[in-house]
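# A structural walkthrough
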Amino acid sequence: MAQIVLNEIDKTYPGGMKAVNGLSLEIEDGEFVVLVGPSGCGKTTVLRMIAGLEEITGGTIRIGDRVMNRVAPKDRDIAMVFQNYALYPSMTVRENLAFGLRMRKTPKQEINRRVVDAANILGLAQYLERKPAALSGGQRQRVAMGRAIVREPEVFLMDEPLSNLDAKLRVSMRASLAELHERLNVTTVYVTHDQVEAMTLGDRVCVLRGGVLQQVDTPQNLFDYPVNLFVGGFIGSPSMNIVAAKLVRDDVGTAVMFAEYRLPISEHVVHARPEIEPYFGRDVILGLRPSDFEEASLVDESWARMPVTTHVTEALGGEIHVIFVVDAPPVEHKDVVDLAPEAEEGGAAVPLYEGKSVWTARVDAHSQVRAGDRIELGVDTRNLYFFDPDSGLAIGKKQAAEPRRSRRGTRSADSPGPA
Amino acid sequence: MTQTGRTVDEVAVAPDDVTSVEPRTSHSWWRLTVLGIGALVFVFPFYYMIIGSLQKNQNTSLSGVVPQPGNITLRNYGEINAALNLGKTLINSGVFTGGVLLATVVFGVLAGYALAQLRFRGRGLLFVSMLLLLMVPFQLLIIPLYVLIVRYYGLGDSYLGMIAPFAINSTAVFIFRQYFLQLPKELFDAARIDGANEFRILTRIALPLVRPALLTAMLLTFIGPWNEYLWPFLITKQQSMQPLAVALANYMNTVQSTVSNPFGTILAGAVVLAVPAVALFLAFQRYFVAPNIGSAVKG
Amino acid sequence: MPEVPPLEAELQLATRGSEMKLEAELPPGTGESRGTRLARAVLGPQPIGMAFGAPYALFIAVLFAYPLGLAVWISFHSYFFTAPGVSVARPFVGLANYVAVLTDSEVLRSFLNILIFLVINVPLTVALSLLLATALNAAIPFRALFRACFYVPYVTASVAMVAVWLFMFNTGGVVDSVLGPVAPVPSWLVNQNWAMPSIAIYVTWKQLGFFILLYLAALQNVPKELYEAASIDGASWWHRLWSVTIPGVRTVTTLITLLAIIVGANLFTEPYLLTAGGGPNGTSASPVLLMYQIGIEQNHPDFASALGVILVIGVLLIVGVQRLLQRNQT
């Protein structure tokens, strides 16, 4: 088992494309770290650099006590699970599991013991003599895991290992992955574009954008205290509603204003976040989590009110997503554009809503909202997010109650933030 | 969730013939008519070749198209054997073809793998040279090759001289490369992490996956030297070194009136020359299909 | 089957690969000796590739690059074959051989012959192979059998096939018997006007199977939905052919044209054997046939080399132009 230290690593492809830019990260021994970000953010490149499959243009990578920049993949004592599993089609499951050990001249008996152990852990014992083509997707995925496990490496590297499974299987495999990590306690670096996977699996989650590390923190802290608009928009599902707004302080009190709405903010909140102070009378970008809405009749007077016309309702059983239109132009900050790369091709601008913002609110399943209703929503104004309209950085981040710690209680890097 | 990456064993390296064909319609009669006429035009010369080779006396009239019971004989095969020594010329053809096949399979696979999967100094140059070689017809180089091989190295009338210019079939190298390129990159990454060296990756992982391509390439390579006429014709003076194609062509040019049915004798030789290639292709025809060929020559 | 990337992209990739920045800037003492780092910088990240590619590289150097250079050298000198051991002066003659080639009436006639060949061969090949491939591109009975029938001539030795064609098209052969009075006199292969067209038709027949397979591959890549959409839009079969099929197989059509030119530049066996050494008055002589006859039989390798070099340049020019056109279209 080993600690992994990335120090200012860079990756520049021939032609000048910079895939990773000055990324520094310390991963503790036994920690489960997830790299997450939209496609093209460099997360897989980082993983492949740790594996030694991709050359490092600058910086150093250390695993345990050794600098690994120039060490061949096979000598790094790592195992990797690939998105498409990369099982050797011409070999049986047993041969697939044993291949890495045989290449290392592990004694036959030892190979056999480890293969059988891994097969038992993963429930593959009865499939050992089959070829990968005769297995289901979930079984192939487990063989891929098994191939990593038998190696008993210092580090597991996983590149979107669940994304080829159907939704249901993905959830159950996610649980087994977490359980497996509890059991083996091997340092793991896990790449995904799925923020739900990131939130549920990671001791800590690293959000990347354009090859630059945005924030590293525990899942809850990422959700509660995003450092910028990008992280705020990326983490959370449905994603955060954002709008250009104005912070005001007048006779009536302190409030944030956008479109036809004025949401009062208690002085209490302002007091707890003194960084907001200079922004009164100025433009900000306001972020509202869908989960901070509720139907007005179900909440007390401390929540602000927002009358809206529901556009569409999506009943999910346990909750209802209310989709409504706010008469304010969509935020065109760079952070938002980066969240949806396809928007550049004109895919996101639905002409139906041109010049307006589409918002989502999550309300209780027992609410009686119907599409087209005029309803009143309650907004929990204690949880408003404010971002600087120029830099996109969070304003007046609530102070974390205690030092950020990973779930396992191991020490974590203390100053996350944009590199 | 979109299924982005395909898993390895879904990769279509197996020959697949009837992909995306139009559904059977009531209009298939026109297809059958067109194909039937086409097939007749294509097969008739083969049929006629066999009929002609069995004629006791040459019969070029319409009635000669159907076998005449009184006019059938195997004597022409005996005559051509006496004139050409079929055994020896077939061995020559076999050595020529076998040498090319062996060199192509061994060195061509290595080169194709290197071009597809390995990064080394000079790869770009090697690739461009291969493309150039594919474009410049061999026939245009006969003069300098003749000068080099026959005059400088004295390899006229030798197997080595015959094989050398064809030794590694570039089309086959190109096919190998295409197939190695199509294999998922992760497979190679996984094997490298598992600690296999490149030679092992090639033999244990890559080659078993491209077996169909190997066969396609070998079939295409086979017909080159087996059917080649110009080069062995240039460098063999002694009949004992000539492949069948050359010996037969020479015989055609100097038709012996000593035999009773000269054309029948020539056609008997043609049958002997045609049968191995045709038989091989019919036996392995499922490897000689459009997608394989397409991926080989689509540039 | 995954789509093969176009050649340009491949070339770019390949050449870019060789220019790849092969060594990273590293602080000293990061786990690898200076020697290995230097080796990687010079040889690339996977130097074993050089060993794998070496036999093929050697083959190219010795049996392609060197002969090509030698051909150029010979073409600029006065060169003829001598008895072994005899050394003679081979003076530099500048462009004299090229001038001789380009003013030689036989050579010019052979170029004209190739033009005749192409004018007949290319449209015939394109039309027939597209027709047969379209007919084959369906779930029909005996599909594999039909396909096999079509490519059998392609895989059979030209020498064997020429023998049958000689038998069929000979004076008084079965074709003449069928046609009776309509048959040309003198007969096909010894007729000045028919010798080259006969070869063009023979080559079309022999190669067609290969092109049918190519078209079939291309047709299978044309999305079925395009035909369905066109049918729904009310397009007749002619319109579907014109606006869906033909654009869909355009790359193969250009490839066929290209290969036909190369085959034409290459013809030897057919004019030599089918039309007895180039037909009456050289009306079916091909450049390669002349290279053999003049270069080797008549001992003028310098002349033949110049002709070869001209043909190589011609082929490469045509390939280049075709690539350029294709790129502009896409």
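### Remarks on the interface of chain C and chain B
Taken together, the contacts link 117 residues of chain C with 118 residues of chain B. Together, the buried faces of chain C and chain B total about 10500 Å²; carbon and sulfur atoms form 75% of this surface. Taken together, the links from chain C to chain B amount to zero salt bridges. Where chain C touches chain B, the interface holds ten residue pairs in polar contact (both at pLDDT 80 or more). Sorting elements by how many residues they give to the side of chain C that touches chain B places helix 3 (residues 48-75) of chain C first, with 19 residues. Here the residues of the side of chain C that touches chain B sort into 88 nonpolar, 23 polar and six charged.

### As for the sheet that holds strand 11 (residues 241-249) of chain A
Strand order in the open sheet made by the six strands is 13-12-11-14-20-21 (chain A), with antiparallel pairing throughout. With partners counted over all chains shown, the strands left at the sheet margins are strand 13 (261-264) and strand 21 (394-395) of chain A, one partner each.

### Re the nonpolar core
Residues B:Phe180 and C:Phe150 are the most contacted members of the largest nonpolar core, which totals 243 residues. Take this core: its biggest share by element is 16 residues, from helix 9 (residues 195-221) of chain C. Listed in part, the 46 residues of the second largest apolar core include A:Val36, A:Leu97, A:Val143 and A:Met158.

### Quick look at the sheet that holds strand 1 (residues 4-12) of chain A
Residue and element names in this part refer to chain A. With respect to topology, four strands assemble into an open sheet ordered 2-1-4-5, the strand pairing being antiparallel. Every interior strand has two partners, whereas the edge strands, strand 2 (18-27) and strand 5 (66-67), have only one. Here six bridges tie strand 1 to strand 2, and the two strands are oriented antiparallel to one another. Residue Lys11 lies in a different strand from strand 2, and its bridge partner there is Val20. Against the sheet, helix 1 (residues 43-51) contacts strand 1, strand 2 and strand 4 (58-63), and its axis sits at roughly 115° relative to strand 1.

### Some details on the packing of helix 5 (residues 105-136) of chain C against helix 12 (residues 250-266) of chain C
Packed helix pairs are specified by the crossing angle of their axes together with the interaxial distance, meaning the distance between the axes. All names here are of chain C. Contact geometry of helix 5 with helix 12 gives a least axis separation of 10 Å together with a crossing angle of 145°. Helix 12 is crossed by helix 5, and the crossing has right-handed handedness. Two secondary-structure elements touch here, helix 5 through Ile114, Phe117, Leu118, Asn121, Val122, Thr125, Val126 and Ser129 and helix 12 through Thr253, Ile256, Thr257, Ala260, Ile261, Val263 and Gly264.

### A few points about the interface of chain B and chain A
At the interface, 28 residues of chain B touch 34 residues of chain A. Summing both sides of the interface, chain B and chain A together bury roughly 2600 Å²; the carbon and sulfur share of this comes to 56%. A salt bridge links A:Glu55 to B:Arg119; the shortest N-O distance between them is 3.3 Å. Counting across the interface, chain B meets chain A through eight residue pairs in polar contact (both at pLDDT 80 or more). Looking at the side of chain B that touches chain A, the elements with two or more residues in it are helix 8 (185-193) and helix 9 (198-209) of chain B. The element best represented in the side of chain B that touches chain A is helix 8 of chain B, accounting for eight residues. Along the lines of polarity and charge, the residues of the side of chain B that touches chain A split into eleven nonpolar, six polar and eleven charged.

Rules and cut-offs
- Residues numbered from 1 in each chain as written.
- Chains lettered and ligands numbered in written order.
- Predicted model: local features only at pLDDT ≥ 70, side-chain atom pairs only at ≥ 80, totals over all residues.
- Heavy atoms only, no water.
- Contact = heavy atoms within 4.5 Å.
- Buried area = accessible area lost by both parts, 1.4 Å probe.
- Salt bridge = Lys/Arg side-chain N within 4 Å of Asp/Glu carboxyl O.
- Polar contact = N/O pair within 3.5 Å; in protein donor to acceptor, adjacent residues only side chain to side chain.
- Helix = DSSP H or I, 4+ residues; strand = E, 2+ residues; numbered from the N terminus.
- Nonpolar A, V, L, I, M, F, W, Y, C, P; charged D, E, K, R; others polar.
- Pairing = 2+ DSSP bridges.
- Core = buried A, V, L, I, M, F, W, Y, C linked by side-chain atoms within 4.5 Å.
- Buried < 20%, exposed > 50% of the residue type's maximum accessible area, 1.4 Å probe, protein only.
- Axes fitted to C-alpha atoms, helices over the stretch in contact; angles between N-to-C directions.
- Left-handed = near helix turned anticlockwise from the far one by under 90°.

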